[in-house]
Amino acid sequence: FFLYLLTEMIYHYSEYISVLIYHFEDLDYKMYLLDHSNEWIFAVIFSYVETIIGTIFFKKIKQNMYAFIIGIIITIFGQTFRIGALYTGKKNFTHLLSYEKKSGHFLMTTGFYGISRHPSYFGFLVWAIGTQLMCLNIIGLIGFPLGLFIFFKDRIIEEEGLLIEFFGYDYLEYKKKVGILIPFIHMDKDEELEHLEKYLDNNPDAKNKTESIDSKNKKD
């Protein structure tokens, strides 16, 4: 339980420090992400309660050293991915979705972003699984990641659409090469084309590239 609290402390401080370094103008106490959603608060409190009750009434289950060690390894792996995404993305990483392309915003494809298109979400999901396994929370091991998956699914699809509108073909090429690493999350082709059309409307010069690609595909 102490290690679980420690990893949470590292998570919250790393989020705050990343804003302090790269987005000082947005800095306030909310950047600790202590209360970013009611679902998050409920999941954390429930995991605390399950850990404490399990320790009191189910000591044998909580003393599985193999699960504990594997949980620690998974937690460290996930937290490394999450923190790595923060500091690889630098100013490109924001906790809130950007609905307009800001000056200096470029497509990040290296480092942790060369492994996953959304390394912060992937890392956080893995971290959640690791912490619940480390604490041997049976309910939390199912409920915590499931809740995060539902949240990330909608957010990732929305974010993917915005990135297509910002970077067009560059993002589509990147999308072909690098996966999300979170299963069962993908955007429909029709929806992808809708976002691409918005990109083309805002970038008339890119239409020439579209015509050349279309003609090449017809020849193939």
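Here, every reference points to the structure presented above.
Residues numbered from 1 in each chain as written. Predicted model: local features only at pLDDT ≥ 70, side-chain atom pairs only at ≥ 80, totals over all residues. Heavy atoms only, no water.

Please clarify how helix α2 (residues 38-57) should be interpreted in this entry.
Each turn of an α-helix holds 3.6 residues, which means side chains three or four residues apart point in the same direction. With 20 residues, α2 should cover 28 Å at 1.5 Å per step; its first-to-last C-alpha distance of 28 Å lies within 8% of that length. Where α2 is concerned, the buried positions are Trp40, Ala43, Val44, Ser47, Glu50, Thr51 and Gly54. Summarising the axial view, the buried residues of α2 lie within an arc of 125°, below the 170-degree limit, and thus occupy one face. Opposite its buried face, α2 presents the exposed residues Asn38, Phe42, Ile56 and Phe57, each directed more than 90 degrees away. (Helix = DSSP H or I, 4+ residues; strand = E, 2+ residues; numbered from the N terminus. Expected span 1.5 Å × (residues − 1). Buried < 20%, exposed > 50% of the residue type's maximum accessible area, 1.4 Å probe, protein only. Arc of directions from axis to C-beta.)

Please clarify how the side chain of Glu165 should be interpreted in this entry.
Structurally, Glu165 can be placed in helix α6 (residues 138-167). Glu165 gets classed as buried once you look at its relative accessible area, which sits at 18%. Among the polar contacts listed, one links the side chain of Glu165 to the side chain of His195, at a separation of 2.6 Å. Beyond its immediate stretch of four places on either side in the chain, Glu165 contacts His195, Lys198 and Tyr199. (Polar contact = N/O pair within 3.5 Å; in protein donor to acceptor, adjacent residues only side chain to side chain. Contact = heavy atoms within 4.5 Å.)

Just to check I follow, could you spell out the pattern of salt bridges for this structure?
One side chain can pair with another of opposite charge once the charged atoms of both are near each other. Inspection of the entire model under this criterion finds 6 salt bridges. As a salt-bridge pair, Arg82 and Glu15 come within 2.8 Å of each other at their nearest N and O atoms. Placement of the pair is Arg82 in helix α4 (residues 65-89) and Glu15 in helix α1 (residues 2-22), with a sequence separation of 67 residues. The salt bridge involving Lys175 is made with Glu192; its shortest N-O contact spans 2.9 Å. Here Glu192 lies in helix α8 (residues 189-202) and Lys175 lies in helix α7 (residues 169-177), a separation of 17 residues in the sequence. Neither residue differs from the other here; Lys175 and Glu192 are each classed as buried. What you see here is one network of salt bridges that share partners, running through Lys175, Lys189 and Glu192. (Salt bridge = Lys/Arg side-chain N within 4 Å of Asp/Glu carboxyl O.)

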